[in-house]
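Here's the letter readout for the chains.
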Amino acid sequence: MRENPTIFAVGKFLQKIEDHFIHEFNSMLVLSALANKSAGAGYFLTVSRPNTMTLPPVTEHACRYGEHSTFYLACGPADGPLVVFVHGWPELSISWRHQLPVMGALGFRAVAPDMRGYGASSVYQKHEDYAQQHIVGDMIGLLEHLEAESAVWIGHDWGSPVVWNLASHHPERCVAAASLCVPYRTLERGLDACIPLINRELYPHDEYPLGQWEYQAFYEESFDTATACFDADPYATIRALFRSGKPKPPSKAHITAVVRKDGGWFGGAAIAPDMSRDDKVLSETDLTAYGDALQRNGFFGPCSYYMNHAANADYSANAIDGGVLEMPILFLAASYDYTCECLESDLAKPMSDFCKNLTTITVDSGHWMAQEKPVEVNAALIRWLTRHVTQYWPFK
């Protein structure tokens, strides 16, 4: 069979990326997220690379559709193929600060919104306003604002269910989809979908009925207690939560499994412990940006994402084609993410039956993968795009 010249050219370009761009380009990235002087305007991200090429700027934008407004960061040519990065709990658009300039430099239009309840986007005062159906609607509104028919969608944490729902309810809007840490056919279907997939050798049913997901039930049972602890000091909360990954003893339960037993996060404390910042994940500037936004808006919105499992399950049940995804799918599993634990449990197994073009890669990282291991994440994304989404590549 004669080799397709387009695929051959993409393959040669991929080799150049792997040999030169990924390691050299990423290693010299200098990124800084600076808090905006205006409390309501979010933050500004500046990017530079010393000595050689200048990266495209990351710019701030906002759009409004109906009663909802979305703040977003963008990088790359306005007419480039659109890639949208969707953050999770309790993050911001700057969670993708290591990915935006890389994708923009490759010719993509890379966009990362503040999700509803976060940063400079709309904040709502009812739990039900944070159901997945509404959040997917926000992303469709963003797509229309950007005058794009479709995009590659990339999510993490609670951003992953949003991406999975976009792919399964609006496949015409989804060229391809990628998720960090959270596999398909799990959380987007509600908490009950995760329970049968728990590793019961580690989490016996009589001791941990919800396994590592016990913390999610704590929000439903004691929402005010959970959020009061976080709101008491958002900066300490971020320092305590945003930790790099490391191996743990195989028989040790994860901290999320004991939140209900302890009567709250951090052993039931009224305030997060005063821990040093983990510079493998956050700079001091990053910490300030997260803390400022959460101090301004509070944790009600972010934690309300956990309060809609039943509504989310009903929404998921209406997925097109029974939830089978035909587009290219990338799943990045984290070796040291013990909440979304996919290596010893069955958590990632259902997606293999529902994703017809699935690529799975394991990254030696904790939960905050895009921030802890940006080189590895960027390399995986670029490699997948060149090999499985070739028609969408900016350079023909």
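Note that this is a predicted model, so its numbers are computed, not measured.

A. Geometry of the overall build of the protein chain. The number of helices and strands found in the protein chain is 14 helices and ten strands. Sequence-distant contacts in the protein chain: of pairs separated by 6 or more residues, those separated by 24 or more amount to 76%. For the protein chain, the accessible surface area stands at approximately 16,000 Å², while carbon and sulfur atoms represent 52% of it.

B. The arrangement of helix H11 (residues 309-316) in detail. Turning to H11, its buried residues number three or more, namely His309, Asn312, Tyr315 and Ser316. Along the axis of H11, the buried residues cluster in a sector spanning 125°; they form a single face. Turned more than 90 degrees off the buried face of H11, the exposed positions are Ala310 and Asp314. Where H11 is buried, its residues contact helix H3 (132-145), helix H4 (159-169) and helix H5 (214-221).

C. The nonpolar core, seen in detail. In this structure, Phe85, Trp89, Val152 and Trp153 are the most contacted members of the largest nonpolar core, which totals 119 residues. With residues near it in sequence (within four places) discarded, phenylalanine 85 still touches Trp96, Gln99, Leu100, Met103, Ala110, Val111, Ala112, Pro113, Ile154 and Leu381.

D. Looking closely at helix H9 (residues 284-297). Helix length check: H9 (14 residues) gives 20 Å between terminal C-alpha atoms against 20 Å at 1.5 Å per residue, within 8%. For H9, the set of buried residues is Asp286, Leu287, Ala289, Tyr290, Gly291, Ala293 and Leu294. Within two residues after H9, glycine 298 carries a phi angle of roughly 80°, on the positive side.

E. The arrangement of the confidence of the model for the protein chain in detail. Counting all residues, the mean pLDDT for the protein chain is 89, and 86% of those residues have values of 70 or more. Between the elements of the protein chain, mean pLDDT differs from a low of 29, seen in strand S1 (residues 30-35), to a high of 99, seen in strand S5 (residues 82-86). Confidence drops under a pLDDT of 50 for residues 1-52, and excluding neighbours within four residues, the segment shows 95 contacts in the predicted structure.

F. Just the packing of aromatic side chains, in detail. According to the stated counting rule, one finds 24 aromatic pairs in the structure shown. Geometrically, the ring pair formed by tyrosine 130 and tyrosine 305 is tilted, given 5.7 Å between the ring centres and 40° between the ring planes. Taken as a pair, tyrosine 130 in the loop between strand S6 (109-113) and H3 and tyrosine 305 in the loop between helix H10 (300-304) and H11 lie far apart in primary sequence, 175 residues in all. With respect to class, tyrosine 130 is no different from tyrosine 305; both count as buried. Arginine 185 extends its terminal NZ or CZ atom over the ring of phenylalanine 354, reaching a point 3.9 Å from the ring centre. Positioned above the aromatic ring of tyrosine 338, the side-chain terminus of lysine 248 is 5.0 Å from the ring centre.

The rules behind each value
- Residues numbered from 1 in each chain as written.
- Predicted model: local features only at pLDDT ≥ 70, side-chain atom pairs only at ≥ 80, totals over all residues.
- Heavy atoms only, no water.
- Helix = DSSP H or I, 4+ residues; strand = E, 2+ residues; numbered from the N terminus.
- Contact = heavy atoms within 4.5 Å.
- Areas by Shrake-Rupley, 256 points an atom, 1.4 Å probe, with all protein chains shown as cover.
- Buried < 20%, exposed > 50% of the residue type's maximum accessible area, 1.4 Å probe, protein only.
- Arc of directions from axis to C-beta.
- Core = buried A, V, L, I, M, F, W, Y, C linked by side-chain atoms within 4.5 Å.
- Expected span 1.5 Å × (residues − 1).
- pLDDT = per-residue confidence, 0-100.
- Phe/Tyr/Trp six-rings, centres within 6.5 Å; stacked < 30°, edge-to-face > 60°.
- Lys NZ or Arg CZ within 6 Å of the ring centre and 35° of its normal.

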